[in-house]
Amino acid sequence: LRRAPLRFSSYLNPSHHNLPVCFGLSAVDGTDRLCVSERAQCIPSRVLHLRQLPPDVSEQEVLSLALPFGRVSKLITLKTKNQAFLEMASEEAAVTMVNYYTSATPSIRSQPVYIQYSTHRELKTDNMTSQRAQAALQAINAGAVHSGNMTSGGEGRGIAPGQSPVLRIIVENLFYPVTLEVLQQIFSKFGSVLKIITFTRNNQFQALLQFSDTVHAQHAKATLDGQNIYNGCCTLRIDFSKLSALNVKYNNDKSRDFTRADLPSGELEPTAAFAVISINPCRPHSHCMGFWHSPSSGLSMAAVPGSLVSHPRVSLQMAPPVVHSVLLVSNLNPESVTPHCLFILFGVYGDVQRVKILFNKKENALVQMSDATQAQLAMSHLNGQRLHGNVIRVTLSKHPVVQLPRGGAGQEEQALTRDFSGSALHRFKKPGSKNFNNIFPPSATLHLSNIPSSVSEEALKDLFSSNGFAVKAFKFFQKDRKMALMQLASVEEAIEALIILHDHQLDHNQHLRVSFSKSTI
């Protein structure tokens, strides 16, 4: 770019995306022409060409797309043509940026922006070019350094006081698994999603998601907070995080840095999953945002499981994942397990239709739920739990249904298969049942309900202790004495107690209801 004013002899017509177009970045002598094509494979360059920008785009908005990938050396905006050129500090940063935005189209104010390599190897700026652009660039680069938001790799960006491009997302009423890819698909409609970390905390699926710019985070929060990912479930609760950036160490199903395809996909270690850079860094061994920080290891996160309905400002339509409603349960204790036992346990998470313990492999069983949603719930909550001394494994079965025994089957084989489709013990047969809102993972604390007024605390304690369970604590609900919490010695004991005592008759017409509680006494 020479010392003459920039003039475009022609520019890309948005209606002809597939046609090569020549840009004349012409000086007075007509030199320095730049030819580009939407589909052309250009030679990597530190100089990038951005087009289809909003007419009143600011320099800060343009820079917000690039700064997460490294330092920007120079910037030229051509607002009359809705275009810009920027020069990254290194070719590696430019390649990383182009590679990322090839698979995740960036946007500014919901308008897609197209980025490609320029044939220029560098930008030559002087007093004839946009002084405002260079001033904005210097101010943002300086702000990023002075605010302490630069990572060790030189990545960073200036964050306005009190604002953050990182959102904290909680998914309530989790009926379908929400994967990292689902979150990226939803939130990328509002801007460039750079990094995502998912985890489980307080029995809730949560995520930290970093945008390239605070404006994008604000837009996403304003639009998506309170929306359902799928019809009637998986509700998004969104807040701004106090963290200014995420530094992901691994790319896998729990965390992802979309700007770093070179990261390993190794197993997440409890204390080395990822590090977080906060606006106000915590002192070593202090608690920030409810997470434990270590000066060397960052945050410790637990493992987690993987459509936004039509919304006036969201074009995304998603369908629930397609899965069968039959589960394969393995590593069972063949001496103790029965179809009724599995019916009661899996019935905490849905209405069990049929159970078959395999005749020749009695440590395996098939459990058919009412639908795929309930199968996913049961699998996510019960896989890895201990039952009758064995750690059970719960996976999706390839069978669409559980077949009942044929007429010629023996008596033992008949007894190993039960049809529970007409059972009165189904917890979720009533549409809109409040039981849908009280589904929790197995815990040592049980929720007891349907308790007659004539039954005392001592009677309930005796009931559990006489069945071999050690009662550690008990408490009636203050406002409703028909309900109580009972804490046992372990989660395994609580599972056994629920199986044995759910539907236990307390008087002539009332039966005890037992479920897992999220509370402790």
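Keep in mind that what you see is a predicted model, and the values were worked out from it rather than measured. (Residues numbered from 1 in each chain as written. Predicted model: local features only at pLDDT ≥ 70, side-chain atom pairs only at ≥ 80, totals over all residues. Heavy atoms only, no water.)

Chemist: Could you clarify how one ought to interpret the overall build of the protein in this entry?
Modeler: In terms of helices and strands, the protein carries 10 helices and 29 strands. Looking at the protein as a whole, 51% of its 521 residues are labelled buried. Accessible surface, the protein as shown: approximately 24500 Å² in total, 49% of it carbon and sulfur. (Helix = DSSP H or I, 4+ residues; strand = E, 2+ residues; numbered from the N terminus. Buried < 20%, exposed > 50% of the residue type's maximum accessible area, 1.4 Å probe, protein only. Areas by Shrake-Rupley, 256 points an atom, 1.4 Å probe, with all protein chains shown as cover.)

Chemist: Even after reading the chapter, I still don't get the packing of aromatic side chains, so can you show me in this structure?
Modeler: Given two aromatic rings, their pairing is described by the distance between the two centres and the angle made by the two planes. Inspection of the entire model under this criterion finds three aromatic pairs. With a centroid separation of 4.1 Å and 5° between ring planes, the pair formed by Phe343 and Phe420 is classed as stacked. In this pair, Phe343 sits in helix H6 (residues 339-346) while Phe420 sits in the loop between strand S25 (417-419) and strand S26 (445-449), placing the two residues 77 residues apart along the sequence. Residue classification places Phe343 among the buried positions, given a relative accessible area of 4%. Judged by centre distance (5.0 Å) and plane angle (90°), the rings of Phe474 and Phe476 are edge-to-face. Comparing Phe474 with Phe476, the two get one shared label, buried. Above the ring of Phe359, the side-chain terminus of Lys362 is found at 4.7 Å from the ring centroid. Lying over the aromatic face of Phe476, Arg481 brings its terminal NZ or CZ to 4.0 Å of the ring centre. (Phe/Tyr/Trp six-rings, centres within 6.5 Å; stacked < 30°, edge-to-face > 60°. Lys NZ or Arg CZ within 6 Å of the ring centre and 35° of its normal.)

Chemist: What am I meant to see in the sheet that holds strand S20 (residues 352-357) here?
Modeler: Adjacent strands of a sheet pair through backbone hydrogen bonds, lying either parallel or antiparallel. Here five strands make up an open sheet; going across it, the order is S24-S19-S21-S20-S25 and the pairing antiparallel. Edge positions in the sheet fall to strand S24 (393-396) and S25, since each of these pairs with one other strand and no more. Pairwise comparison of adjacent strand axes, ignoring direction, gives a mean angle of 20° for this sheet. Strand contacts of H6: strand S19 (326-330), S20, strand S21 (365-369), S24 and S25, with the helix running at about 140° to S20, the strand carrying the most contacts. Each of S19, S21 and S24 touches helix H7 (residues 372-382); the most contacted strand, S24, lies at about 155° to it. (Pairing = 2+ DSSP bridges. Axes fitted to C-alpha atoms, helices over the stretch in contact; angles between N-to-C directions. Contact = heavy atoms within 4.5 Å.)

Chemist: Sorry if this is basic, but what is going on with the nonpolar core here?
Modeler: Looking at soluble globular proteins, one finds that nonpolar side chains tend to be buried together. Core analysis: the biggest nonpolar cluster contains 107 residues, and Leu48, Leu50, Met88, Phe187, Phe346, Leu446 and Phe464 have the highest contact counts within it. Core analysis: the next-biggest nonpolar cluster, separate from the first, contains seven residues, Val166, Leu243, Leu246 and Val248 among them. (Core = buried A, V, L, I, M, F, W, Y, C linked by side-chain atoms within 4.5 Å.)

Chemist: Where do I start with unusual backbone geometry in this structure?
Modeler: Of all residues except glycine, most have a negative phi; of all peptide bonds, most are trans. Unusually for a residue other than glycine, His388 sits at a positive phi of about 55°. You can see His388 is positioned in the loop between strand S22 (386-387) and strand S23 (390-391). Despite not being glycine, Asp503 has its phi angle at roughly 75°, a positive value. The topology assignment puts Asp503 in the loop between helix H10 (491-501) and strand S29 (513-516).

Chemist: Quick question: what am I supposed to make of the pairing of strand S10 (residues 193-201) here?
Modeler: Sheet faces and side chains relate simply in a regular strand, where the side chains alternate between the two faces. Most of S10 is tucked away: seven of the nine residues are buried. Relative to strand S11 (residues 204-211), S10 is paired through eight bridges, and the arrangement is antiparallel. Across the sheet, the residue bridging to Ile197 is Leu208, located in S11. The hairpin turn running from S10 into S11, its antiparallel successor, is two residues long, and Asn202 in that turn takes a positive phi close to 55°. Pairing geometry for S10 and strand S15 (residues 255-257), over three bridges, is antiparallel. Within the sheet, the bridge partner assigned to Ile196 lies in S15 and is Arg256.

Chemist: Explanation requested: the pattern of salt bridges in the structure shown.
Modeler: Side chains carrying opposite charge are able to pair once their charged atoms draw close together. Enumeration over the complete set of coordinates arrives at 12 salt bridges. Glu87 serves as the salt-bridge partner of Arg46, at 3.4 Å between the closest nitrogen and oxygen. One end of the pair, Arg46, is in the loop between strand S2 (33-36) and strand S3 (47-51); the other, Glu87, is in strand S5 (residues 83-88), with 41 residues separating them in the sequence. In this structure, Lys79 and Glu59 form a salt bridge, with 3.7 Å as the shortest nitrogen-oxygen distance. Of this pair, Lys79 sits in the loop between strand S4 (72-78) and S5 while Glu59 sits in helix H1 (residues 59-66), and the two are 20 residues apart along the sequence. (Salt bridge = Lys/Arg side-chain N within 4 Å of Asp/Glu carboxyl O.)

Chemist: So what exactly am I meant to see when it comes to the environment of Ala372 here?
Modeler: Looking at where Ala372 falls in the secondary structure, it is placed in helix H7. On a C-alpha basis, the gap between Ala372 and Gly350 in space is 9.8 Å, while along the polypeptide they are 22 residues apart.

Chemist: Would you explain the confidence of the model for the protein in this entry?
Modeler: Note: predicted coordinates in regions of low pLDDT should not be interpreted at a detailed level. Of the residues in the protein, 73% reach a pLDDT of 70 or more, and the chain-wide mean stands at 76. Mean pLDDT per element in the protein: strand S18 (residues 291-292) is the minimum at 27, and H6 is the maximum at 97. Note on residues 1-41: pLDDT is under 50 here. Beyond four places in sequence and across chains, it has 82 contacts. Confidence over residues 267-317 falls short of pLDDT 50; this stretch has 117 contacts with residues more than four positions distant or in other chains. (pLDDT = per-residue confidence, 0-100.)

Chemist: Looking at this model, I keep getting lost on the pairing of S19. Mind explaining?
Modeler: Of all five residues in S19, four are buried; the element is thus mostly enclosed. Strand direction decides the pairing type here: S19 and S21, joined by four bridges, are antiparallel. Paired with Val329 across the two strands is Ala365, which belongs to S21. For S19 and S24, the ladder comprises four bridges, and the chain directions are antiparallel. For Leu327, the partnering residue across the bridge sits in S24 and is Leu396.

Chemist: How should I be thinking about the sheet that holds S10 in this particular structure?
Modeler: If you walk across this open sheet you meet the six strands as S12-S13-S9-S11-S10-S15, and the pairing is antiparallel. The sheet terminates laterally at strand S12 (228-230) and S15, the two strands that pair on one side only. Strand-to-strand twist in this sheet, taken as the mean axis angle between neighbours without regard to direction, amounts to 25°. Sitting on the sheet, helix H4 (residues 180-187) is in contact with strand S9 (166-172), S10, S11, S12, strand S13 (233-240) and S15, with an inclination near 135° to S10.

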